[in-house]
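# Reading the structure
So you can see what is in the structure, the chains are spelled out below.
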Protein chains: 2
Amino acid sequence: MPSEKTVERLSLYRYLLYGILADGERNVFSHELAGMAAVSPAQVRQDMMVLGYSGSPNQGYEVGKLIASITEFLDDAHGRNMALVGVGNLGRAILSNFAGQRSRLQIVAAFDVDWQIVNRMVHGCWCYPLDKLSGVMRDQDITVGIICVPPAAAQEVADALCEGGVRGILNFAPYRLQVPDHVYVSNLNITVALEKVAYFAHHSPVRLETPSREEAKV
Amino acid sequence: MPSEKTVERLSLYRYLLYGILADGERNVFSHELAGMAAVSPAQVRQDMMVLGYSGSPNQGYEVGKLIASITEFLDDAHGRNMALVGVGNLGRAILSNFAGQRSRLQIVAAFDVDWQIVNRMVHGCWCYPLDKLSGVMRDQDITVGIICVPPAAAQEVADALCEGGVRGILNFAPYRLQVPDHVYVSNLNITVALEKVAYFAHHSPVRLETPSREEAKV
DNA sequence: GTAACGCTGTTAGTATTTTCACGAAGACCA
DNA sequence: TGGTCTTCGTGAAAATACTAACAGCGTTAC
Ligand SMILES: NC(=O)c1ccc[n+]([C@@H]2O[C@H](COP(=O)([O-])OP(=O)(O)OC[C@H]3O[C@@H](n4cnc5c(N)ncnc54)[C@H](O)[C@@H]3O)[C@@H](O)[C@H]2O)c1
Ligand SMILES: NC(=O)c1ccc[n+]([C@@H]2O[C@H](COP(=O)([O-])OP(=O)(O)OC[C@H]3O[C@@H](n4cnc5c(N)ncnc54)[C@H](O)[C@@H]3O)[C@@H](O)[C@H]2O)c1
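Computed from a prediction, not measured in an experiment: that's the story for all the values here. (Residues numbered from 1 in each chain as written. Chains lettered and ligands numbered in written order. Predicted model: local features only at pLDDT ≥ 70, side-chain atom pairs only at ≥ 80, totals over all residues. Heavy atoms only, no water.)

## Let's talk about the overall build of chain A
Keep this limit in mind: Only DSSP runs of H or I reaching four residues or more are called helices, and only runs of E reaching two or more are called strands; each is numbered from the N terminus. Throughout, a residue-residue contact means that at least one pair of heavy atoms, one from each residue, lies within 4.5 Å. Working definition of accessibility: Shrake-Rupley area with a 1.4 Å probe, residue cover restricted to the visible protein chains. Note that His is not counted, nor are the chain ends; the positive residues are Lys and Arg, and the negative ones are Asp and Glu. Lysine's charge is taken at NZ, arginine's at CZ, aspartate's at CG and glutamate's at CD.
The helix and strand inventory of chain A stands at eight helices and nine strands. The principal-axis extent of the C-alpha atoms belonging to chain A is close to 60 × 45 × 35 Å. Counting only contacts in chain A whose residues sit at least 6 apart along the sequence, the fraction spanning at least 24 positions is 55%. On chain A, roughly 9,900 Å² of surface is accessible, and the fraction owed to carbon and sulfur atoms is 50%. Between the averaged position of the 19 positive side-chain charges in chain A and that of its 23 negative side-chain charges there is a distance of 4 Å.

Structure below.
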């Protein structure tokens, strides 16, 4: 049972490792990964402890093996099918971003109430009317939902997702959803993130999120 | 010097308080706000301690006064002008979201390298070619930047923003920027957020981010 | 073969963040 | 007016997250 932050970092490490692999590097040290991820080397090693995989002294970690370990840990075996609800500006941006990807996480269906949007492909993803949600979720074995609707509609959508058997929700609407206990919800509020930046930009303390001396990398 | 998390929560409280005000409520208790923000009442009271404002026992907090206190604390007096770089799918979504708003935080200019996009209005915001960045930043007193370009271009854009005198950056590209010490950077990685949700959806521990019994509210 | 080095795994220590618990004070009622 | 009830402010305790330190081992150099 790793913490939320550990899972986030593992996800980031994996992304960085793919970049390293593409560069032809076979091995990587904890301090290199740490530099790219803007964390301490000790943090990297600590995070690795939750994986079964160990690096070797003086050689660091084998990039391919490490990616495999993280993937096994995060997505254990099979990928996840996800649904996106609310094909507005933000919804379309997310669909476009995940369109090409053939990763273990796929957005396999989108939903909206707007008849102008519904019943056609959007960035490679079919867009259904909202009332088809439960049915499609069961048919396609969808277990994760992404909510990109206005706050006033968020609870209604969350209820529908739960009805369809969702296990996790990423919610972009500024509204705290009420869901059954077994459903995991994470809220991502872009406005709040911006206000935080504006605050620290002008009340700059010392420096909180810092890159580090290491060369940052794709 | 409040923590990052405290600033995030204050921003969220303020948003919630505007909703309460719109409902005609004059006062609010810590446990009510806590319910809406999915935190503990003690947390709310602790967060309030950084503001100068105190509530009164049995009456709770005066909504209007509390909003004013948070605003004074977060945006001290004058608003902030922001620039968005990278008017792609995500950039346009963010521009559309901040278009109508007349808040203290405004996106006053957008930038891109694509000649198809540049030199026209996008969701009410003028889009300049990237090489105008430094000049426009100085003219319009822009101190916060939002990076929505592909990761390979992120560092170049960050350098240009720093050149223009930026103090804070919200970075959506999956790349750790290297910037001078006095520039505050916050990274928001949507893919990582999604992977986290997928993980906890299927390795559901007990429940981490939870709403609560209180009635959630716009 | 062996000594020196460099990086990992791990544990113990430190710092930060959240929760708890309780004294004080305004409001309401009789 | 006195008593009760509710909620705030706050410092101390608990929980969490991060850092530092070191033992162990593979590698390399000689
Ligand atoms: N775009 C941003 O930068 C940004 C920033 C902060 C927060 N948000 C939040 O993200 C959410 C989406 O933002 P957006 O910019 O894409 O808004 P948008 O208005 O462009 O899109 C909303 C979409 O949801 C659809 N919709 C409305 N009610 C629905 C329902 N009941 N079921 C299904 N679909 C429904 C609409 O038809 C529309 O297509 C909003 O809650 C917004 O507050 C967005
Ligand atoms: N859209 C999402 O859901 C999502 C999710 C995760 C991460 N991201 C990240 O957010 C960023 C933007 O995503 P997007 O979907 O909007 O991509 P996009 O390709 O739609 O838009 C990128 C825009 O940046 C512009 N650009 C390229 N180089 C530039 C430069 N040097 N200077 C200025 N502008 C430049 C392009 O012309 C284009 O308009 C990317 O880094 C992406 O990885 C997006």
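That was the structure; now back to the text.
## Let's talk about the protein's contact with DNA strand C
Rules: We call a residue near a molecule or strand when any one of its heavy atoms sits within 4 Å of it. Think of a polar contact as two N or O atoms within 3.5 Å of one another; within protein, one of them needs to be a possible hydrogen donor and the other a possible acceptor, and neighboring residues in sequence only count if both atoms come from side chains. Residue polarity is assigned by list, with Asp, Glu, Lys and Arg as charged and Ala, Val, Leu, Ile, Met, Phe, Trp, Tyr, Cys and Pro as nonpolar; anything else, Gly included, falls into the polar class.
For DNA strand C, the set of nearby residues contains 23 residues, the closest of which are Ser30, Ser54, Gly55 and Tyr61 of chain A together with Asn58 of chain B. Considering the 4 Å shell around the protein, atoms of DNA strand C inside it are sugar or phosphate in 69% of instances. Between DNA strand C and the protein, one listed contact pairs a sugar or linking oxygen with a side-chain N or O atom of Asn58 of chain A at 3.1 Å. A distance of 2.9 Å separates a phosphate oxygen of DNA strand C from a polar atom in the side chain of Ser40 of chain B. Of all the elements in the fold, those that place two or more residues in the surface near DNA strand C are helix 3 (41-48) of chain A together with helix 1 (4-22) and helix 3 (41-48) of chain B. When residues of the surface near DNA strand C are assigned to their parent elements, the largest contribution, four residues, is made by helix 3 of chain B. Per-class residue counts for the surface near DNA strand C are six nonpolar, 13 polar and four charged.

## Observations concerning the site of ligand 2
Taken together, 26 residues sit near ligand 2, with Ala93 of chain A together with Asn89, Leu90, Asp112 and Val149 of chain B positioned nearest. Looking at the residues close to ligand 2, they fall on chains A and B. Within the contact set of ligand 2, a nitrogen atom lies 3.0 Å away from a backbone nitrogen or oxygen of Ala93 of chain A. Backbone polar atom of Gly88 of chain B to an oxygen atom of ligand 2: 3.5 Å apart, as the coordinates give it. Coverage of ligand 2 by the protein chains reaches 84% of its 830 Å² of free accessible surface. Elements supplying a minimum of two residues to the shell around ligand 2: helix 5 (89-99) of chain A together with helix 5 (89-99), helix 7 (151-163) and helix 8 (190-202) of chain B. The element best represented in the shell around ligand 2 is helix 7 of chain B, accounting for four residues.

## A word on the relation of the copies chain B and chain A
Here the two chain copies are tied together by a rotation about an axis and a shift along that axis. For clarity, the threshold we go by: The least-squares superposition of copies is restricted to C-alpha atoms, and to residues with a pLDDT of at least 70 in both copies.
For the pair chain B and chain A, the relating rotation is 180 degrees, the translation along its axis is 0.0 Å, and the fit reaches an RMSD of 0.1 Å. Within this description, the copies of the chain are treated as partners about a two-fold rotation axis. An overlap of 100% is found between the interface residues of chain B and their copies at the interface of chain A, pointing to a shared contact surface.

## Thoughts on the pattern of salt bridges
Rules: One speaks of a salt bridge when a side-chain nitrogen belonging to Lys or Arg is within 4 Å of a carboxyl oxygen belonging to Asp or Glu. Relative accessibility thresholds used throughout: buried, under 20% of the residue-type maximum; exposed, over 50%; partly exposed, between the two (1.4 Å probe, protein chains only).
Scanning the model with the defined rule gives twelve salt bridges over all chains in all. Between Asp47 of chain A and Arg9 of chain A there is a salt bridge; the shortest N-O distance is 2.7 Å. Highlighted residues: Asp47 of chain A in helix 3 and Arg9 of chain A in helix 1 (residues 4-22), separated in sequence by 38 residues. In this structure Asp47 of chain A comes out as buried when scored by relative accessible area, which is 2%. Several salt bridges share partner residues, and in doing so they unite Glu4 and Glu8 of chain A together with Lys196 of chain B into one network.

## Quick notes on the state of the cysteines
What is meant by a disulfide is a covalent connection between two cysteines, made through their sulfur atoms. Residue and element names in this part refer to chain B. Going by this rule: Here, the term disulfide refers to a pair of cysteine sulfur atoms separated by no more than 2.5 Å.
Inspection of every chain in the model, using the stated rule, returns zero disulfides over all chains. Just so you know, Cys125 is unpaired, no disulfide at all, and the nearest cysteine sulfur is the one on Cys127, 7.5 Å from it. Cys127 sits in the buried class, given a relative accessible area of 0%.

## What to know about the protein's contact with DNA strand D
Close contacts around DNA strand D come from 23 residues, with Ser30, Arg45, Ser54, Gly55 and Tyr61 of chain B the closest. When atoms of DNA strand D within 4 Å of the protein are split into backbone and base, the sugar-phosphate part holds 71%. Within the side chain of Ser40 of chain A, one N or O atom sits 3.1 Å away from a phosphate oxygen of DNA strand D. Here Asn58 of chain A contributes a side-chain N or O atom positioned 3.4 Å from a base nitrogen of DNA strand D. The element best represented in the surface near DNA strand D is helix 3 of chain A, accounting for four residues. Among the residues making up the surface near DNA strand D, the classes are represented as six nonpolar, 13 polar and four charged.

## Description of the environment of Thr143 of chain B
Within the secondary structure, Thr143 of chain B sits in strand 7 (residues 142-147). We classify Thr143 of chain B as buried; its relative accessible area is 12%. Once the C-alpha coordinates of Thr143 of chain B and Gln43 of chain B are considered, the two residues, 100 residues apart in sequence, prove to be 31 Å apart. When residues no more than four places from it in sequence are discounted, the contact partners of Thr143 of chain B are His202 of chain A together with Arg80, Asn81, Val166, Arg167 and Gly168 of chain B.

## Some remarks on the site of ligand 1
Taken together, 26 residues surround ligand 1, and among them Asn89, Leu90, Asp112 and Val149 of chain A together with Ala93 of chain B come closest. Looking at what sits near ligand 1, you find residues from chains A and B. The contact in question runs from an oxygen atom of ligand 1 to an N or O atom on the side chain of Asn89 of chain A, over 2.9 Å. Elements represented by at least two residues in the shell around ligand 1 include exactly helix 5, helix 7 (151-163) and helix 8 (190-202) of chain A together with helix 5 of chain B.

## So, the packing of helix 1 of chain A against helix 2 (residues 30-37) of chain A
Residues and elements named next belong to chain A. Let me state the cut-off plainly: Only the contacting stretch of a helix is used when fitting its axis, a line to C-alpha atoms as for every element, and angles between N-to-C directions run 0 to 180 degrees. To sort the angles, those under 35 degrees are grouped as roughly parallel, those over 145 as roughly antiparallel, those from 65 to 115 as roughly perpendicular, and the leftovers as oblique.
Running from N to C, helix 1 and helix 2 point in directions that differ by 110 degrees, and their axes come no closer than 10 Å. Judged by the inter-axis angle, helix 1 sits roughly perpendicular to helix 2. Of helix 2, the residues touching helix 1 (which contributes Leu12, Tyr13, Leu16, Leu17 and Ile20) are Leu33, Met36 and Ala37. Classifying every residue of the contact of helix 1 with helix 2 by side-chain character gives eight nonpolar, no polar and no charged.

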